[in-house]
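# Residue-level structural notes
Given next are the chains, with one letter for each unit.
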2 protein chains.
Amino acid sequence: MNSLASIKIGIIGATGAVGVETLKLLSEINHPLDNIFLFASERSVGKRIKYKNSEIEILETSDENLKKIDVGFISVSSEVSELLAPKIVSNGGIVIDDGSAFRMKKDVPLVVPEINQQDLDSHLGIISIPNCTTTPLVMVVDAINQMSTVEKVVVSTYQAVSGTGKEAVLELENQQNGNVETKIYDYQIANNVFPHVDDFLEDGFTKEEHKMINETRKILHDNNIEIIPTCVRVPVKVGHSESLCLTLKDDISINKINETFRKYQGIKLLDNKSVTPYPMPLLSEGKKDVFVGRVRKSINNAREINLWLSCDNLIKGAALNALQILE
Amino acid sequence: MNSLASIKIGIIGATGAVGVETLKLLSEINHPLDNIFLFASERSVGKRIKYKNSEIEILETSDENLKKIDVGFISVSSEVSELLAPKIVSNGGIVIDDGSAFRMKKDVPLVVPEINQQDLDSHLGIISIPNCTTTPLVMVVDAINQMSTVEKVVVSTYQAVSGTGKEAVLELENQQNGNVETKIYDYQIANNVFPHVDDFLEDGFTKEEHKMINETRKILHDNNIEIIPTCVRVPVKVGHSESLCLTLKDDISINKINETFRKYQGIKLLDNKSVTPYPMPLLSEGKKDVFVGRVRKSINNAREINLWLSCDNLIKGAALNALQILE
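Figured I'd write up the structure that's included with this text. These numbers come from a predicted model, not from an experiment.

## Some words on the pairing of strand E12 (residues 290-298) of chain B
Residues and elements named next belong to chain B.
- Burial runs high along E12: nine of the nine residues are buried.
- Sheet topology note: the strand E11 (residues 267-269)/E12 ladder contains three bridges and is parallel. Across the sheet, the residue bridging to Ile267 is Val290, located in E12.
- Bridge count for E12 against strand E13 (residues 301-311) is seven bridges, and the pairing is antiparallel. For Phe291, the partnering residue across the bridge sits in E13 and is Ser310.

## Let's talk about helix H1 (residues 17-28) of chain A
Residue and element names in this part refer to chain A.
- Relative to the 16 Å expected for twelve residues at 1.5 Å per residue, H1 spans 17 Å between its end C-alpha atoms, a close match to the ideal helical length.
- For H1, the full list of buried residues reads Ala17, Val18, Gly19, Glu21, Thr22, Leu23 and Leu26.
- If you follow the buried residues of H1, they end up packed against strand E1 (9-12), strand E2 (36-39), strand E3 (48-51), strand E5 (71-74), helix H6 (166-176) and helix H10 (315-326).
- The positive-phi residue at the C-terminal boundary of H1 is Asn30, with phi of around 55°.

## Things to note about the sheet that holds strand E8 (residues 150-158) of chain A
Residues and elements named next belong to chain A.
- Read across the sheet, six strands follow the order E9-E8-E10-E13-E12-E11 without closing on themselves; strand pairing throughout is mixed. The open sheet has two edge strands with one neighbour each: strand E9 (226-230) and strand E11 (267-269). Each neighbouring strand pair of the sheet contributes to a mean axis angle of 25°, computed without reference to strand direction.
- Helix H7 (residues 207-220) rests against E8 and E9 of the sheet, and its axis sits at about 160° to E9.

## So, the interface of chain B and chain A
- If you look at the interface, chain B gives 38 residues, while chain A gives 37 residues.
- Partitioning the side of chain B that touches chain A into residue classes produces 19 nonpolar, 13 polar and six charged.

## Some words on the environment of B:Gly125
All names here are of chain B.
- Along the chain, Gly125 falls in the loop between helix H4 (113-116) and strand E7 (126-128).
- Look at Gly125 and you get partly exposed, because 16 C-beta atoms sit within 10 Å.
- In sequence terms Gly125 and Ala143 are 18 residues apart; their C-alpha atoms lie 29 Å from each other.

## Some remarks on the relation of the copies chain B and chain A
- Taken as rigid bodies, chain B and chain A are interconverted by a rotation of 180° and an axial shift of 0.0 Å, the fit giving an RMSD of 0.0 Å. Here the copies are linked by what is in effect a two-fold axis. Considering only C-alpha atoms, the residue of chain B closest to the rotation axis is B:Gln176, which sits at 3.0 Å.

Rules and cut-offs
Residues numbered from 1 in each chain as written. Chains lettered and ligands numbered in written order. Predicted model: local features only at pLDDT ≥ 70, side-chain atom pairs only at ≥ 80, totals over all residues. Buried ≥ 20, exposed ≤ 12 C-beta atoms within 10 Å, placed from the backbone. Helix = DSSP H or I, 4+ residues; strand = E, 2+ residues; numbered from the N terminus. Pairing = 2+ DSSP bridges. Expected span 1.5 Å × (residues − 1). Contact = placed C-beta atoms within 7 Å. Axes fitted to C-alpha atoms, helices over the stretch in contact; angles between N-to-C directions. Nonpolar A, V, L, I, M, F, W, Y, C, P; charged D, E, K, R; others polar. Least-squares fit on C-alpha atoms with pLDDT ≥ 70 in both.

Quick look at the structure:
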């Protein structure tokens, strides 16, 4: 029996891409059926979701139902999250929120357990987890920080459509089958890429790019680190990848950096000696680790490290991180 | 009648992805049928290729046949190019080669006409055109160089499978239709990306990445510019994209940079005022321009410019560049 078995866990957004992965993880640790409460939007209420050899009915997010849970994992729109999270907290419950509604609020810890677990001590009921592009980035930076301060990161992302939601995955599949209708995205995503994730702001960066900058700084308690992101959507169903160029304070050898990655909880280094010589989204799907590879120095600058990473945006990028916080 | 009409042009690799585009461009300028000679590998010899309302037969690359041409556009493997190019030159012909066989040789000009046309003066029969990832990069750098020296570029690419060849496009299509067999690439490319274009070298960079570094330096006659590339294959059929972070010697305003892009021959700037607010490979397909957008400064460094570009890797990346040289 797992240490969480007696905790009544609610999944708010249970039919969404992240909700489904969260339920899978609860199933892996054999969380008791009676202590799982699934919530979703009105049109799903009453539907039954498979859980092990049984089923769980989807509840409406009434005040009464929300009172049943000790902890609520929320992965819905910011608007809905802002409405429901305070209710759970006022009932004495804890919220672990996957959205951007609370992340940058001063009294809300923003946590990746491998990095800043200690920030959990000060929560007032709501705990946020970072955006799915921030989590793998900040883990890599934290690992390298153990040897030398990372001063700057230029990062270009290769983001899967499941980050947008299940409907976007369906849209990609339909387009691959010849139905080029666009509903979720402004443009066709099959056989295409676009440098556009979330809304554009006045400075030319997108909200998604600002999340990477601000969340990284908050998690690391480092307001000096420069993050220069370009967020790009690619026709991949699951698994975000990132191309990183990191500037370190010192000249650290690749061997030493690789050694640190090998020891870092939650990172899996792939190199020439691995069966797969580099990370790929397709191979990260369903896995808990952040896969890191192609670690190399810039040719003219010994303080610059380049690398490539892939990770399942729904698992370590969201569901797993939330569950690790609870643990 | 076009100014090239009397020139006997040979396309060596006529059935390949670039060869097909070259023939299309000749058709656009109404090059006379009698002055086009198509060559391909043995198994295609004798086949007839549509040209306007007629057809052209594919010839074998015999010494006799090669003597018929004044200029040969070569887009085949380096091995075949090394064999055939000297033959054409010894007949008094000129070679414009799309491969990597001759690019870095001292007495072979490597030319993007918008940038270093003057290098053509010194050729000894063979002229090379750059790799399809170098051409758009070096055009952007050249445009900015008019205002302030570009000292450094961190670049991550999003490269279409047609860069590998027609068989790779077929492989992607088959995989999208559920046949996940891999023959051309080591891994499935549909719903996947991999940070691997061409062979790996000892320093951890690939040959493709070294091409971007070395070719850029040669074209710009600037051995100091630092290029830090990560080359990535994405499931796109046509159109290479690149995410760039450029460090300039001076602080130049975005308005001024955009103005320069607007005036630069061969670059098309997309911004908020455009119908499409940013470049995408799908929209660059079949177009001659390098599309540039999302031009913005790094938040903490006024000398750093970030931007995104897409261009048809077969046209400006190859066929068009070759034809422009001839003109």
